[in-house]
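# Residue-level structural notes
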Amino acid sequence: MQQKIIILDFGSQTTQLIGRRVRELDTFCEILPYNKFPVGDKSVIGVILSGSPFSVHDPEAFKVDLSQFVGHIPVLGICYGAQFISYAGGGKVEKADSREYGRANLCEFDVDNPLFKSFDRNSQVWMSHGDTITAIPEGFKCIASTANVKYAAYASLTQPVWAVQFHPEVFHTTQGTQLLKNFVVDICHSKQDWSAASFVDTTVAELKAQVGEDRVILGLSGGVDSSVAAVLLNRAIGKNLTCIFVDHGMLRKNEFRDVMHDYECLGLNVIGVDASEKFFADLAGVSDPEQKRKIIGRDFIEVFNAEAKKIKDAKWLAQGTIYPDRIESLNITGKVIKSHHNVGGLPKEMHLSLCEPLKWLFKDEVRRVGRQLGMPEHLITRHPFPGPGLAVRILGDITPEKVRILQDADDIYIRGLREYKVKLSGEEARRVLAAGVPANMKDGEIEVSLYDQIWQACTILLSTVRSVGVMGDERTYEHPVALRAVTSTDAMTADWAHLPYDFMAKVSNEIINKVRGVNRVCYDISSKPPSTIEWE
Ligand code: XMP
């Protein structure tokens, strides 16, 4: 039986991060809404209660019946989780005089408590709360304090219950991973047997059992998720997997050709469909972003279905859905937001069952699995790319010529990002390594490309705008392109990346000199929210 830690989600923005940290400890975990604890599930070895945007005193605050697990298995409350355990047990939680936010140091802690094994004196932690615990319940003792927060951590004297008001899951808590390790490994006795290698072995065996001799269809996009799903299935069922890769004509420069080549080298049975003419014809004269998306979505399903129907005896549709797509995250109104899968379009008469081999993995784990499967690094570290492709990066209507201009400019930008190396240290280096980028730490530094340092980069053709320029003795009246690069962990929020000026100068120069139709380059310095990553 696969051991697991349950993380009960009270709506904090960092809940998924707790999950990723636990997985980094080679331990399987599931994130569930606060009120969905799986009572009776013997594979659960520990429970973590997340933070929350609520105060325990808010009438609409999320509350849980602690008796479902307290006393049965180890419990760790984080931030709101810690305050809720105190509040529910008869302790006191009050509004803090001032919001406790930012870095603090554990000036005192119980060195003998297993939660603080290997902790340094004055270890840095990250606080982020408006309420604070002013009294803990009877039967508990304080186990750590900062200069301003007396009950930075407390624990039960009789039961395996720990609570911390700081956030061990964020990078600014320097020994946060150690604390989670102390809880997950020492206290909950995780066997730490969840790894890319074990995942591949068990999933291949499960896929063989699930699918047997049936035929499976999978839609490839060139992205990491569908590619890893395909290679995993290929290992399990070989030629019974048929992949379909549709070229809508709005991929990056040479991407269809290059990715098809990669897929063939990986031994995949893949049908490449060049449907670009159909897409361009149907998009002609359409400028509205939503209209463009609808047409592309509709055409994509049409082309994909026509190919899928040719595979007569197919029984399964495989998808690269990953865990964050399925987590029911709670928003502040208490409504459950379910993410949508893009399965809707397949004809019912095909009676296909869904197969989602990556449905338990976070993005960085998908990359590790890809490496375990021996896939090439450029396929694994590829930035996310939207389904409608460059169509949502061309403002205004779409023509093959505009796509050509954008592809050429974008190719210079992306190649430049791959070639430019930067040295990173400290938190920045740890963030990049945690995202699964392969780099060796030497003297506290790693060297990575700008491409690997950022989450996603794109070029946008502002084809509805023209501006005057001068080239040689000639006046030009052409379009600008905008370059965008963002850092992010999940695309829900994003910051614009502070790219080096010498890099921007070089790329801008090369684009204006080499790409016919562009005479100006801008850099997008908007974060998300309030902007989005894509322009349309
Ligand atoms: P936004 O623009 O909403 O994008 O900040 C967030 C992330 O989603 C990607 N994206 C898409 N991916 N189909 C996709 O498969 C789409 O229609 C789509 N629109 C945006 C975007 O590239 C970013 O990673």
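Position numbers for residues start from 1 in each chain and track the written sequence from start to end. Where local features are concerned, this predicted model is filtered to residues with pLDDT of at least 70; where side-chain atom pairs are given and counted, the filter is 80 or more; whole-chain, interface and lining totals use all residues. Side-chain calculation: all heavy atoms of the structure are included, whereas hydrogens and water are not.

### Considerations on the domain arrangement of the chain
What counts as a domain boundary in this text is fixed by an automatic or database domain assignment. Along its sequence, the chain is carved into domain 1 (4-187), domain 2 (196-380) and domain 3 (394-523). Spacing between the C-alpha centres of domain 1 and domain 2 amounts to 38 Å. At the junction of the two partners, domain 1 supplies 18 residues and domain 2 supplies 14 residues. Two parts placed together each lose some accessible area under a 1.4 Å probe, and adding up what both lose gives the buried area. Roughly 1,300 Å² is buried in total at the junction of domain 1 and domain 2, and carbon and sulfur atoms are behind 61% of that figure. Area buried by domain 1 at its contact with domain 2 is led by Q16, R23 and I31, which between them contribute 36% of it. D364 is paired through a salt bridge with R20; the nearest N and O atoms lie 3.5 Å apart. A contact between two residues is defined here by any heavy atoms of the two lying within 4.5 Å. One side-chain nitrogen of Lys or Arg within 4 Å of one carboxyl oxygen of Asp or Glu is enough to make a salt bridge.

### As for the sheet that holds strand β12 (residues 241-247)
In this analysis, strands are considered paired if DSSP registers two or more bridges between them. Strands here are runs of E lasting at least two residues and helices are runs of H or I lasting at least four, both read from the DSSP assignment and numbered beginning at the N terminus. The sheet built from 5 strands is open, its strands ordered β13-β12-β11-β14-β17 with parallel pairing. The sheet is open, and its two borders are formed by β13 (270-274) and β17 (353-355), each paired with just one other strand. The sheet shows a mean angle of 30° between the axes of neighbouring strands, direction not considered. Note: strand β11 (residues 215-220) against strand β14 (residues 314-318), 4 bridges, orientation parallel. Within the sheet, the bridge partner assigned to L218 lies in β14 and is A318. Lines fitted to C-alpha atoms define the axes, with helix axes restricted to the stretch in contact, and inter-axis angles between N-to-C directions lie between 0 and 180 degrees. With respect to the sheet, helix α6 (residues 255-265) is in contact with β11, β12 and β13, its orientation differing from that of β13 by roughly 170°.

### As for the sheet that holds strand β1 (residues 4-9)
The strand order across the open sheet formed by 8 strands is β2-β1-β3-β4-β10-β9-β8-β6, and the pairing between neighbours is mixed. What marks the edges here is a single partner per strand, and that holds for β2 (29-33) and β6 (108-109). Where β6 lies against strand β8 (residues 140-145), 2 bridges are found, and the strand directions are antiparallel. By the bridge assignment, F109 is partnered in β8 with A144. Where helix α2 (residues 80-88) meets the sheet, it contacts β3 (44-49), β4 (75-78), β8, β9 (153-156) and β10 (161-164), and its direction lies at approximately 110° from that of β4.

### A few points about unusual backbone geometry
Residue K528 is joined to P529 through a cis peptide bond whose omega torsion reads -15°. Tracing the sequence through the fold places P529 in the segment after β24 (518-523). Omega for the peptide link from P529 to P530 comes to 10°, which places this bond in the cis form. By the element assignment, P530 lies in the segment after β24. Within the chain, S118 stands out as a residue other than glycine whose phi angle is a positive 70°. With respect to the element layout, S118 can be found in the loop between β6 and β7 (124-135). Phi is positive for N254, close to 60°, though the residue is something other than glycine. Note on N254: relative accessible area 38%, which makes it partly exposed. Only protein chains enter the accessibility calculation, which uses a 1.4 Å probe; a residue whose area is less than 20% of its type maximum is buried, one above 50% is exposed, and one in between is partly exposed.

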